[in-house]
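Listed below are the residues making up each chain.
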Amino acid sequence: MAGTLYLVPTPIGNLGDISQRCREILESADFIAAEDTRVTLKLLNHLGIKKSLVSYYEHNKAYRGDKILERLLAGETCALVSDAGTPAISDPGKDLVRQCADAGIPVCAIPGPCAAITALCVSGQPTDRFCFEGFLSTAKKSRREHLDSLRSEQRTMIFYEAPHKLLATLEDMAAAFGPDRPISLCRELTKLHEEVIRTTLGQAVEAYAQTPPKGEFVLVLAGAPPVEKQSASEEDAAALVARLMEEGLSRKDAVKQAAARLDLPKNVVYEIALKDAP
Ligand code: SAM
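Residues numbered from 1 in each chain as written. Predicted model: local features only at pLDDT ≥ 70, side-chain atom pairs only at ≥ 80, totals over all residues. Heavy atoms only, no water.

Caption draft 1: Examining the site of the ligand more closely. Looking at the ligand, there are 19 residues lining it, with I89, D91, A115, L189 and F217 nearest. L189 places a polar main-chain atom, nitrogen or oxygen, 2.8 Å from a nitrogen atom of the ligand. In the complex, the protein chains occlude 91% of the 580 Å² of accessible area that the ligand would expose alone. Listed by contribution, the elements that provide at least two residues to the shell around the ligand are β7 (156-161) and β10 (217-221). If you count residues domain by domain, the shell around the ligand takes at least three from each of domain 1 (5-109) and domain 2 (115-221). (Near = heavy atom within 4 Å. Polar contact = N/O pair within 3.5 Å; in protein donor to acceptor, adjacent residues only side chain to side chain. Areas by Shrake-Rupley, 256 points an atom, 1.4 Å probe, with all protein chains shown as cover. Helix = DSSP H or I, 4+ residues; strand = E, 2+ residues; numbered from the N terminus. Domains from an automatic or database assignment.)

Right under this line is the structure:
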């Protein structure tokens, strides 16, 4: 009988956040697959656990995934951990889960620390509907395209970001969503210098242009305000298409965005936009 793959979340800052169940699984697993064995060794030393470790990370996941699968199929149990937080969320793991699912190997996800959910809960932004957007691309063009695709998103949006890219990201966000859009910058969560800054995109850009950001950040961005279908007049649609085109969108994309935001059929907005075209 095949063994089980356990997804074991580890603390994102405060070592006290490791749960009893996670300890037990780390102790009882036949082996641990870790994103960085040196980071995990420190945690295991802290917990007083000695266990055989193999690495599983972005650049060896194809080869190592097969090896881990072989051991699971032979009946061993494996605990998968990343450097911090929940494996498979912007961290190695999802491919291994897929491989196990395809091979009929049981996968068990243990609940625990996750920077995205911790940030959302403390952000003060609406939590009833949200989406996780992970890291934006480092390439300017794809980053902007990603943000453009979210212009009419009404759910709260969660992003991960590295401190050295934060200012450029906030500037791109202010361009895409406007400077008045509320954002919560959740920094160093669960750590000594934990901080939650609830502000707007414009103010965040100003603040970080003066003082470069430090530490780990999750950005929790408010969604677009809902637009009532009935209140969307031809004038609104024409003005919105014109504004989006001024912001750099093609007519086709501007029509698509405006139609989604105003909850109107694309062809109707297209006709309105054409009537207004110079
Ligand atoms: N899988 C992890 C999780 O579920 O929490 C996330 C891993 S991802 C590679 C690392 C990113 O998570 C960081 O760049 C940062 O955006 C966010 N992060 C991790 N720990 C954090 C913390 N203590 N405070 C704020 N953000 C954190």
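Caption draft 2: Quick peek at the nonpolar core. Among the nonpolar cores identified, the biggest contains 21 residues, and F159, L170, M173, L185 and L219 are the most heavily contacted of them. Looking at this core, the elements that each hand over two or more residues are β7, α7 (163-177), β8 (182-187), α8 (201-210) and β10. Broken down by element, the residue count for this core peaks at six residues, all from α7. Leave out the neighbours within four places in its chain, and L185 touches L166, L170, E195, V196, I197, T199, A204, Y208, F217, V218 and L219. (Core = buried A, V, L, I, M, F, W, Y, C linked by side-chain atoms within 4.5 Å. Buried < 20%, exposed > 50% of the residue type's maximum accessible area, 1.4 Å probe, protein only. Contact = heavy atoms within 4.5 Å.)

Caption draft 3: Highlighting the packing of helix α6 (residues 140-148) against α7. Two numbers describe how α6 lies on α7: the axes approach to 10 Å, and their chain directions differ by 40°. In terms of their interaxial angle, α6 and α7 are classed as oblique. Considering only the axes of α6 and α7, their crossing is right-handed. Judged by residue contacts, R143, R144, L147 and D148 of α6 engage A168, T169, D172, M173, A176 and F177 from α7. (Axes fitted to C-alpha atoms, helices over the stretch in contact; angles between N-to-C directions. Parallel < 35°, antiparallel > 145°, perpendicular 65-115°, else oblique. Left-handed = near helix turned anticlockwise from the far one by under 90°.)

Caption draft 4: Up close: unusual backbone geometry. We note that E188 has phi near 50°; this positive angle belongs to a residue other than glycine. Structurally, E188 can be placed in the loop between β8 and β9 (195-200). Unlike most non-glycine residues, T190 shows phi in positive territory, near 70°.

Caption draft 5: Seen up close, the side chain of S184. When you line up the elements, S184 lands in strand β8. There is a polar contact of 2.8 Å between the side chain of S184 and the backbone oxygen of S123. In contact with S184, not counting residues within four places along its chain, are S123, Q125, I197, R198, V218, L219 and V220.

Caption draft 6: Molecular detail of the pattern of salt bridges. Under the definition given, this model contains 17 salt bridges. The salt bridge partner of E145 is K141, with a shortest N-O separation of 3.2 Å. Here the residue E145 and the residue K141 both occupy positions in helix α6, the gap between them amounting to four residues, near one helical turn. Using a relative accessible area of 44% as the deciding quantity, one classes E145 as partly exposed. Since its relative accessible area comes to 64%, K141 is described here as exposed. Look at the salt bridges and you will find they share partners, linking E58, K61, K94 and D95 into a network. (Salt bridge = Lys/Arg side-chain N within 4 Å of Asp/Glu carboxyl O.)

Caption draft 7: View of the packing of helix α3 (residues 61-73) against helix α4 (residues 94-103). Put simply, α3 and α4 touch, their axes get as near as 10 Å, and they point 40° apart. Compared by their axis directions, α3 and α4 come out oblique. Here α3 runs over α4; the crossing is right-handed. Residues K61, G65, D66, I68, L69, L72 and L73 of α3 form the contact with α4, whose participating residues are D95, L96, Q99, C100 and A103. Residues that form the contact of α3 with α4 fall into these classes: seven nonpolar, two polar and three charged. (Nonpolar A, V, L, I, M, F, W, Y, C, P; charged D, E, K, R; others polar.)

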